[in-house]
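Descriptive structure summary
Now for the letters of each chain:
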Amino acid sequence: MNEIFLIDTNLLVYAHDTSNYEKHKIATNLLKKCFNDLVNYAVSLQTLSEFFSVVTEKKKLLEKIYTRQIIGDFLK
């Protein structure tokens, strides 16, 4: 049976937040494994919605247009 890993909001946020180097590094490496098809993954619409809210409004890490592109990549 193939395991599917569910990507959490915090993983996405830490991958774009460089203020904590260790968390950023771990999150980036985990996402690279997903994108390089080394693991099967899924991401929920709720997670993407929370990610958008956190990085554009709460922490103000990313511009909305860039964040929409990131989310769009997940929806392809």
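Further up the page is the structure itself.
Residues numbered from 1 in each chain as written. Predicted model: local features only at pLDDT ≥ 70, side-chain atom pairs only at ≥ 80, totals over all residues. Heavy atoms only, no water.

**Concerning the environment of glutamate 50**
Its place among the elements puts glutamate 50 in helix H3 (residues 45-58). Exposure remark for glutamate 50: the relative accessible area of 32% places this residue in the partly exposed category. Along the chain, glutamate 50 and asparagine 10 lie 40 residues apart, while their C-alpha atoms are 9.2 Å from each other. (Helix = DSSP H or I, 4+ residues; strand = E, 2+ residues; numbered from the N terminus. Buried < 20%, exposed > 50% of the residue type's maximum accessible area, 1.4 Å probe, protein only.)

**Here we look at the packing of helix H1 (residues 9-16) against helix H2 (residues 21-35)**
Between H1 and H2, the shortest axis-to-axis distance is 7 Å and the interhelical angle comes to 115°. As summarised for this structure, H1 and H2 are arranged roughly perpendicular, according to the angle between their axes. Both H1 and H2 take part in a crossing whose hand is left-handed. In this structure, H1 contributes Leu11, Leu12, Tyr14, Ala15 and His16 to the contact, and H2 contributes Lys23, His24, Ala27, Thr28, Leu30 and Leu31. (Axes fitted to C-alpha atoms, helices over the stretch in contact; angles between N-to-C directions. Parallel < 35°, antiparallel > 145°, perpendicular 65-115°, else oblique. Left-handed = near helix turned anticlockwise from the far one by under 90°. Contact = heavy atoms within 4.5 Å.)

**Overview of H1**
Turning to H1, its buried residues number three or more, namely Thr9, Leu11, Leu12, Val13 and Ala15. Residues of H1 that are buried sit in contact with H2, H3 and helix H4 (64-75). The N-terminus of H1 is capped by aspartate 8, whose side-chain oxygen sits 2.8 Å from the backbone nitrogen of asparagine 10. (Polar contact = N/O pair within 3.5 Å; in protein donor to acceptor, adjacent residues only side chain to side chain.)

**A few points about a nonpolar patch on the surface**
Residues Phe5, Phe35 and Tyr41 make up a contiguous nonpolar surface patch of about 290 Å² in total accessible area. Of note, phenylalanine 35 is situated in helix H2. (Patch = residues over 30% accessible without salt bridge, like charges linked within 9 Å, V, L, I, M, F, W, Y side chains within 5 Å. Areas by Shrake-Rupley, 256 points an atom, 1.4 Å probe, with all protein chains shown as cover. Salt bridge = Lys/Arg side-chain N within 4 Å of Asp/Glu carboxyl O.)

**Some details on the nonpolar core**
Formed by 17 residues in total, the largest nonpolar core has its most connected members in Ile7, Leu12, Leu31, Phe51 and Phe74. Mapped onto this core, the elements with two or more residues apiece are H1, H2, H3 and H4. Counting residues per element, this core draws most heavily on H3, at five residues. Excluding residues that lie within four positions of it along the chain, isoleucine 7 makes contacts with Leu12, Leu31, Cys34, Tyr41, Ala42, Val43, Thr47 and Phe74. (Core = buried A, V, L, I, M, F, W, Y, C linked by side-chain atoms within 4.5 Å.)

These figures capture arrangement, not role.
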